[in-house]
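Chain residues, written in single-letter form:
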Amino acid sequence: MNLKSWSAEHTKGLLVGIATIIVASLIIIGYYSYDNGHNYAVNFGRFVKIPNFTAKVLSLAAIANLPWFHFVSLRKGKWAFGQGIIMATVLDLLIMLLFKFIL
C-alpha cells in the first residue's frame, strides 16, 4: 500500500478497527472475570500489570475485526476501509508481540 494514496476511508477503517479492538478487549476481560470468579477490577489489573495476560487478551480481541472486514470491505467492496481494518489488526499484532516477547 502506498501512503501517498491514503484517504479518509483508510482513516475511518483504522479508527473503527482500533475502537473495535479496545471494546473487544474490555469484553474479553469481562469474560475472564466471569470464567475465573474474580471481579472485573482484578482482571483489569492483570491486563494492565501482566504482559503475558495482556498479549493473550489483545490476540483474542483482534478476532473482532473479522466481521468488519468481511461484511463491510469484502461484500460492499470498500477496499480502502478494509485496508484500514488490516492496518489496525497489524498494529494490534505488533503491540501483542511487544507485550509477549519484549516486556
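Heads up: these notes are all about the structure in this document. (Residues numbered from 1 in each chain as written. Predicted model: local features only at pLDDT ≥ 70, side-chain atom pairs only at ≥ 80, totals over all residues. Heavy atoms only, no water.)

## Quick look at the environment of Leu97
Here comes step 1: With respect to the element layout, Leu97 can be found in helix 5 (residues 79-102).
Here comes step 2: Considered as a pair, Leu97 and Leu58 are 39 residues apart in the sequence and their alpha carbons are 9.7 Å apart. (Helix = DSSP H or I, 4+ residues; strand = E, 2+ residues; numbered from the N terminus.)

## Re the environment of Val90
Here comes step 1: Summarising the element assignment, Val90 is placed in helix 5.
Here comes step 2: Sequence separation of Val90 and Leu3 is 87 residues, and the distance between their C-alpha atoms is 16 Å.

## Topic: the packing of aromatic side chains
Here comes step 1: One pass over the structure, following the stated rule, counts 5 aromatic pairs.
Here comes step 2: Arranged with centres 6.1 Å apart and planes meeting at 35°, the rings of Phe44 and Phe47 form a pair that is tilted. In this pair, Phe44 and Phe47 both sit in helix 2 (residues 40-49), 3 residues apart, roughly one turn of the helix.
Here comes step 3: In this structure Phe44 comes out as partly exposed when scored by relative accessible area, which is 35%.
Here comes step 4: Chaining the aromatic ring pairs together yields one cluster made of Tyr31, Tyr32 and Phe53.
Here comes step 5: Here the basic side chain of Arg46 rests over the ring of Phe53, its NZ or CZ set 4.1 Å away from the ring centre. (Phe/Tyr/Trp six-rings, centres within 6.5 Å; stacked < 30°, edge-to-face > 60°. Buried < 20%, exposed > 50% of the residue type's maximum accessible area, 1.4 Å probe, protein only. Lys NZ or Arg CZ within 6 Å of the ring centre and 35° of its normal.)

## Description of the packing of helix 2 against helix 3 (residues 51-61)
Here comes step 1: Between helix 2 and helix 3, the least distance of the axes is 6 Å, while the angle of their chain directions is 100°. As far as their axial angle goes, helix 3 and helix 2 are roughly perpendicular. Residues Asn43, Arg46, Phe47, Val48 and Lys49 of helix 2 lie in contact with helix 3, whose contacting residues are Pro51, Phe53, Thr54, Val57 and Leu58.
Here comes step 2: Residue composition of the contact of helix 2 with helix 3, grouped by class: 6 nonpolar, 2 polar and 2 charged. (Axes fitted to C-alpha atoms, helices over the stretch in contact; angles between N-to-C directions. Parallel < 35°, antiparallel > 145°, perpendicular 65-115°, else oblique. Contact = heavy atoms within 4.5 Å. Nonpolar A, V, L, I, M, F, W, Y, C, P; charged D, E, K, R; others polar.)

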